[in-house]
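Results of the structural survey
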Amino acid sequence: MLLSEILYNIPLKSVSGRTDINVLKIEFDSRKIEAGTLFVAIPGTQVDGHNFIEKAIEMGAIAILCERFPEVLSENITYVLVENSAKSMGIAAGNFYSNPSKNLTLVGVTGTNGKTSIATLLFNLFRKLGYKCGLLSTVQNQIEDDIIPSTHTTPDSVKINELMSEMYRKGCVYVFMEVSSHAVEMQRISGLTFAGGIFTNITQDHLDFHGTFDNYIKAKKGFFDMLPKTAFALTNADDKNGKVMLQNTAASKNSYSLKNIGNFKGKVMDCGLFGLQMDVNGQEVWFKLIGNFNAYNLLAVYGTAMLLGENSENVLTILSELKPPPGRFEQIMAPDQRVGIVDYAHTPDALQNVLETINDLREGKQKIITVVGCGGNRDKGKRPLMAKIACELSDVVILTSDNPRNEEPEDILADMQAGVSITQRRKVNQVTDRREAIKQAAALAGPQDIILVAGKGHETYQDVKGVKSHFDDKEELGLAFK
């Protein structure tokens, strides 16, 4: 495609060189440059792409999109100066792949918790309604039955457009996408056309990246601010920030709720270890999902389907048959009836929701044993909170490693221990090795007792010092139960 066509709709500050050259690829990683590439130099939190312009040219880049020109301009290279290169890359990627989001019904899901569950449920629901669909999620990217491994909650803008182009080529009508706060802040969704946006909730997370909770809220709100008037915005009326999301959006405003007034109203009639019974807008339905947090997820999915024009009875019938995504309140039963639950809960709010649900479901003298850790090189403020919640809502707590990355596991666990009160110390064990921690939990549990292994969910690795080795909580718990 001609560079001039790729630059369509991008506010340009200056251009040096020809724009009638043929570009074969757009890339922001200088290590992946090939002949005929447009290299986008993006200032990042770790490295600045502008420092790699010369390397990109040496590897075959024929054009550079950047926020500042190099001191010396190379001959036969086109340089394009813009205000924001990350935002411009999104528009450029859309143009390069013929703006596939305009030809698809794209729905984004944002919030601290529930994004994966809602996006996956929508994907499975609409496929069962007879549509071809695409999914962009933390667990995996999917085009109908074809699964593409996922490395980020929201991929970069070039990858997003590449995937959506393939989705459109394969006949997809709907695409359901997790939209992380990082993605909004880093302009990964720039240039996309959304048909709708869903807000789940906001609790403490990612403050290592955003700095303050207020900045985190603003990042989430930025997604709704960009929605067009042809789109819908659907928010959780029971979260105090739900109304904040709607303040400046041009989209139609809608809400779902268990407690307050909402367009899509739900009431939990009964909740057990194998499902929940709900009243949804006057219709009573039994679902296979468990807990109040899933009641909210189901309402968000139902509301979205209604806003997209689907039949209420058909939608509820299919939703009653669906199971939760991998690693979301996933149950494993031991031969002696010990109950294992693997859940992705890696924020204070998510852990509290899961443990409160388990407490509501347990009967008699069933003990709750919680295995939990916190990731390294991430928000340190939530570490004592996670330990405190685990102690308050469990009979036994085992603090352990969860992707320590470049930190020492013992340092992370020391941060978590700060949330353990003197009176609660007797119920807390510290086992640095996650495999051993799960084994210990299984050994401490008696028949009918419930073990929660929290934090990793669907993940199948441990990240230690930059090396990812295979580790699956579900596998380990299954082995420990034998």
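Scoring rules and cut-offs
- The numbers attached to residues start from 1 for each chain and follow its sequence in the written order.
- Residue-level local features of this predicted model are given only where pLDDT is at least 70; pairs of side-chain atoms are given and counted only at 80 or more, and the full residue set underlies all totals for whole chains, interfaces and linings.
- Remark: hydrogens and water are excluded; side-chain values derive from all non-hydrogen atoms of the structure.
- To define a nonpolar core, start from buried Ala, Val, Leu, Ile, Met, Phe, Trp, Tyr and Cys residues and group those joined through side-chain atoms within 4.5 Å.
- Three labels apply to residues, based on accessible area from a 1.4 Å probe with only protein chains included: buried if under 20% of the type maximum, exposed if over 50%, partly exposed otherwise in between.
- Comment: elements are numbered from the N terminus, with helices defined as DSSP H or I runs of at least four residues and strands as E runs of at least two.
- Each helix should span, by expectation, one fewer than its residue count multiplied by 1.5 Å.
- Any carboxyl oxygen of Asp or Glu within 4 Å of a side-chain nitrogen of Lys or Arg constitutes a salt bridge here.

Some details on the nonpolar core
Among the nonpolar cores identified, the biggest contains 40 residues, and Leu125, Phe126, Phe176, Met278, Phe287, Tyr302 and Leu319 are the most heavily contacted of them. A total of nine residues in this core trace back to one element, the largest contributor, which is helix 10 (residues 292-307). With 32 residues, the next largest nonpolar core counts Leu351, Ile368, Leu393 and Leu452 among its residues.

Observations regarding helix 4 (residues 115-128)
Here helix 4 spans 20 Å end to end across 14 residues, near enough to the 20 Å set by a 1.5 Å rise per residue. With eleven of 14 residues buried, helix 4 lies mostly within the body of the structure. Within helix 4, the full set of buried residues consists of Lys115, Thr116, Ser117, Ile118, Ala119, Thr120, Leu121, Leu122, Phe123, Leu125 and Phe126. Two residues or fewer after helix 4 comes Gly130, characterised by a positive phi angle close to 105°.

Some thoughts on unusual backbone geometry
One non-glycine residue, Gln187, adopts positive backbone phi at about 65°. Classification of Gln187 as partly exposed rests on a relative accessible area of 23%. Although it is not a glycine, Asn377 adopts a positive phi angle of roughly 55°. Counting through the fold element by element, Asn377 comes out in the loop between strand 19 (368-372) and helix 13 (382-393). When its relative accessible area of 35% is taken as the criterion, Asn377 is described as partly exposed.

Things to note about the pattern of salt bridges
In this structure the tally under the stated criterion is 25 salt bridges. In this structure, Arg68 and Asp48 form a salt bridge, with 2.8 Å as the shortest nitrogen-oxygen distance. Separated by 20 residues along the polypeptide, Arg68 in the loop between strand 4 (61-66) and strand 5 (78-82) and Asp48 in the loop between strand 3 (37-40) and helix 2 (53-58) bring together distant segments of the chain. Since its relative accessible area comes to 42%, Arg68 is described here as partly exposed. Relative accessible area serves as the criterion here: at 17%, Asp48 is assigned to the buried category. Of the charged contacts in the structure, one is a salt bridge between Asp402 and Lys456, with a shortest N-O distance of 3.8 Å. Taken as a pair, Asp402 in the loop between strand 20 (396-399) and helix 14 (409-417) and Lys456 in the loop between strand 22 (450-454) and strand 23 (461-464) lie far apart in primary sequence, 54 residues in all. Assigned by exposure class, Asp402 and Lys456 land together as buried.

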